[in-house]
Amino acid sequence: MAEFTTILDDLTVMIRLGIHPHEVEPQRVTISVRMTIDYSAPLGEDSIDQVLDYDFVRAGVLTLARDRRFALQETMCETIAALCLDDARVRSVTVRTVKTDVYPDARIGCEVVRGR
């Protein structure tokens, strides 16, 4: 068995996220996803068919940003983690979201780790 980590790092989206009145409009959020993936054997070919194509994670996050509103970063992290775990090869996933513009002197984030 072969184990790999696939990383989608610092994807920046505009999304409706938050509980405060000033968060009604979309705000900038960066999202990082780290997936531990098990393959049944070492890779034999240099082909995308041999591995998890991370495009589905990016596309899923962009769809969430366009179509959903989240009150909590925790809920957003859980939703993205579930998206990743839909692929049976993903053994564990870490999702981090960061609101970049809430405070002038700090960023605020959330991270969840989920596994099978």
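Note: the structure precedes this text.
Further remarks concern the overall build of the protein. Within the protein, the regular secondary structure consists of 2 helices and 5 strands. The secondary structure elements of the protein, listed N-terminal to C-terminal, are β-β-α-β-α-β-β. Principal-axis analysis of the C-alpha atoms places the extent of the protein at approximately 50 × 25 × 20 Å. A fraction of 63% describes how many contacts in the protein between residues 6 or more apart in sequence connect residues 24 or more apart.

Within this structure, the stated rule accounts for 1 aromatic pair. Here F4 and Y39 contribute two aromatic rings whose centre-to-centre distance is 5.6 Å and whose plane-to-plane angle is 65°, an arrangement assigned as edge-to-face. On the criterion of sequence distance, the pair formed by F4 in strand β1 (residues 2-17) and Y39 in strand β2 (residues 27-39) is long-range, its members being 35 residues apart. In this structure Y39 comes out as buried when scored by relative accessible area, which is 6%.

The next subject is the packing of helix α1 (residues 55-67) against helix α2 (residues 73-85). Running from N to C, α1 and α2 point in directions that differ by 145°, and their axes come no closer than 10 Å. Between α1 and α2 the crossing geometry is right-handed. Residues F56, V57, G60, V61 and L64 of α1 pack against T79, I80, L83 and C84 of α2. Looking at side-chain class alone, the contact of α1 with α2 contains 7 nonpolar, 2 polar and no charged residues.

What follows is about the sheet that holds β1. Pairing between the strands of a sheet comes from backbone hydrogen bonds, and it takes one of two forms, parallel or antiparallel. One open sheet holds the 5 strands; their spatial order is β3-β1-β2-β4-β5, and the pairing between them is mixed. Of all the strands in the sheet, just β3 (69-70) and β5 (108-115) have a single pairing partner and so form its edges. Bridge count between strand β4 (residues 90-99) and β5: 8 bridges; the pairing is antiparallel. Its bridge partner lying in β5, T97 is registered against C110. Across the sheet, α1 touches β1, β2 and β3, and the angle it forms with β1 is around 15°.

Here we come to the state of the cysteines. Using the criterion set out here, one finds 0 disulfides in the structure. Sulfur of C77: no disulfide; nearest cysteine sulfur belongs to C110 and is 4.1 Å away. The class of C77 is buried, set by a relative accessible area of 0%.

Right, let's get into the side chain of T6. Mapped onto the elements of the fold, T6 is located in strand β1. Taking relative accessible area as the criterion, T6 reaches 13% and is therefore assigned buried. The contact partners of T6, leaving out residues within four places of it in the chain, are V33, R34, M35, I37 and Y54.

So, how was this worked out
- Residues numbered from 1 in each chain as written.
- Predicted model: local features only at pLDDT ≥ 70, side-chain atom pairs only at ≥ 80, totals over all residues.
- Heavy atoms only, no water.
- Helix = DSSP H or I, 4+ residues; strand = E, 2+ residues; numbered from the N terminus.
- Contact = heavy atoms within 4.5 Å.
- Phe/Tyr/Trp six-rings, centres within 6.5 Å; stacked < 30°, edge-to-face > 60°.
- Buried < 20%, exposed > 50% of the residue type's maximum accessible area, 1.4 Å probe, protein only.
- Axes fitted to C-alpha atoms, helices over the stretch in contact; angles between N-to-C directions.
- Left-handed = near helix turned anticlockwise from the far one by under 90°.
- Nonpolar A, V, L, I, M, F, W, Y, C, P; charged D, E, K, R; others polar.
- Pairing = 2+ DSSP bridges.
- Disulfide = S-S within 2.5 Å.

Spatial relationships are all this shows, so hold off on functional conclusions.
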